[in-house]
Amino acid sequence: MKNAPPRKGPTVAAKPVAERVKRLVVLVSGSGTNLQALLDEIAAVGPEAYGAEVVAVGADRENIEGLARAERAGLPTFVRKVKDHGSREEWDAALADAVSAHEPDLVISAGFMKIVGKEFLARFGGRFVNTHPALLPSFPGAHGVRDALAYGARVTGCTVHFVDDGVDTGPIIAQGVVEIRDEDDESALHERIKEVERRLLVEVVGRLARNGYRIEGRKVVIQ
Ligand code: GAR
């Protein structure tokens, strides 16, 4: 009997590799742990496999851990404070210019606690992603964790969504659920939400970058 040909190993579907590594500008206002999760994943798997790299980090204030994390990673940073500009519109345009200088494919608001204006959205609408610590459309705004707790909700979580001209109203990309415990206070609950949120943001941004997407009304279709 003829020997059987040597068996080949199992066929493994290659991870889709983006045609071009997408450029991310990340905006922060605080501790920057979501930014760090992105940086860690990109460092672990490499920008080609992830499909994107962080090219700059911007903030609306100085002396925050989010900027320190960017500096430690050797990334360019910029700060645009509202109070340094004559009006909210001027600040918005200055922020848009600073972001634009880094030619991003996607802009990620990772704990950026400012609402951007018309000019910013005109330039980055449809590619500006925000992460919010509640299950939208419940509990939008600056106190998503506190508001869910005060309401007595039994579950909350996080929402990654595209930004539109409302407050946390844009098309939803993905959500993660977190149970609220009787003993929770705002800080304990926020920490558990952030564990889910960091994983979700890393997963979603990678998929958007590698696969491409389209926004059909309120639906986001990742190709
Ligand atoms: C995150 O939980 C994010 O959802 C929230 O700030 C935290 C930032 O954490 N953003 C908002 O509340 C926006 N309305 P981080 O600085 O450690 O990434």
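No experiment lies behind these values; they were computed from the predicted model shown.

This part covers the site of the ligand. Close to the ligand lie 14 residues, the nearest being Ser31, Gly32, Thr33, His190 and Glu197. In this structure, an oxygen atom belonging to the ligand sits 2.7 Å away from a main-chain N or O atom of Gly32. Note that a nitrogen atom of the ligand is positioned 3.4 Å from one of the backbone N or O atoms of Gly141. Protein contact buries 92% of the 450 Å² of open area that the ligand shows by itself.

So, on to the nonpolar core. Among the nonpolar cores identified, the biggest contains 44 residues, and Val26, Val54, Val57, Ile108, Ile173 and Leu208 are the most heavily contacted of them. Among the elements that line this core, the one with the most residues is helix α7 (residues 186-211), at 9 residues. Once you skip the residues sitting within four places of it in the chain, Val54 turns out to touch Leu24, Val26, Leu35, Leu39, Ile42 and Leu75. Within the second largest apolar cluster, 18 residues are counted, among which are Val25, Leu27, Ala96 and Val99.

The next subject is the pairing of strand β4 (residues 106-109). Side chains of β4 alternate between two faces, with Leu106 and Ile108 and Val107 and Ser109 buried alike. The pairing of β4 with strand β5 (residues 128-132) spans 3 bridges and is classified as parallel. Looking at the pairing, Ile108 lines up with Val129 of β5.

Mapped onto the elements of the fold, Asp184 is located in the loop between β7 (172-179) and α7. Since its relative accessible area comes to 11%, Asp184 is described here as buried. Within the local environment of Asp184, its side chain forms a polar contact with the backbone nitrogen of Arg181, the two atoms lying 2.8 Å apart. With residues up to four places along the chain from it excluded, the contact list for Asp184 reads Leu149, Glu179, Leu189 and Arg192.

Before going further, it helps to spend a moment on the pattern of salt bridges. Counted under the stated rule, the structure contains 13 salt bridges. Residue Glu119 pairs with Arg123 through a salt bridge whose shortest N-O separation is 2.9 Å. Highlighted residues: Glu119 and Arg123, both in helix α5 (residues 118-124), separated by 4 residues, approximately one helical turn. On the accessibility criterion, Arg123 (27% relative accessible area) is partly exposed. Across the salt bridge formed by Arg146 and Glu186, the nearest N and O atoms sit 3.2 Å from each other. Pair noted here: Arg146 is in helix α6 (residues 144-151) and Glu186 is in helix α7, with a separation of 40 residues, a long-range link. Classification of Glu186 as partly exposed rests on a relative accessible area of 31%. Salt bridges sharing partners connect three or more residues here, namely Asp60, Arg61 and Lys114.

Basis of the calculations
Residues numbered from 1 in each chain as written. Predicted model: local features only at pLDDT ≥ 70, side-chain atom pairs only at ≥ 80, totals over all residues. Heavy atoms only, no water. Near = heavy atom within 4 Å. Polar contact = N/O pair within 3.5 Å; in protein donor to acceptor, adjacent residues only side chain to side chain. Areas by Shrake-Rupley, 256 points an atom, 1.4 Å probe, with all protein chains shown as cover. Core = buried A, V, L, I, M, F, W, Y, C linked by side-chain atoms within 4.5 Å. Buried < 20%, exposed > 50% of the residue type's maximum accessible area, 1.4 Å probe, protein only. Helix = DSSP H or I, 4+ residues; strand = E, 2+ residues; numbered from the N terminus. Contact = heavy atoms within 4.5 Å. Pairing = 2+ DSSP bridges. Salt bridge = Lys/Arg side-chain N within 4 Å of Asp/Glu carboxyl O.

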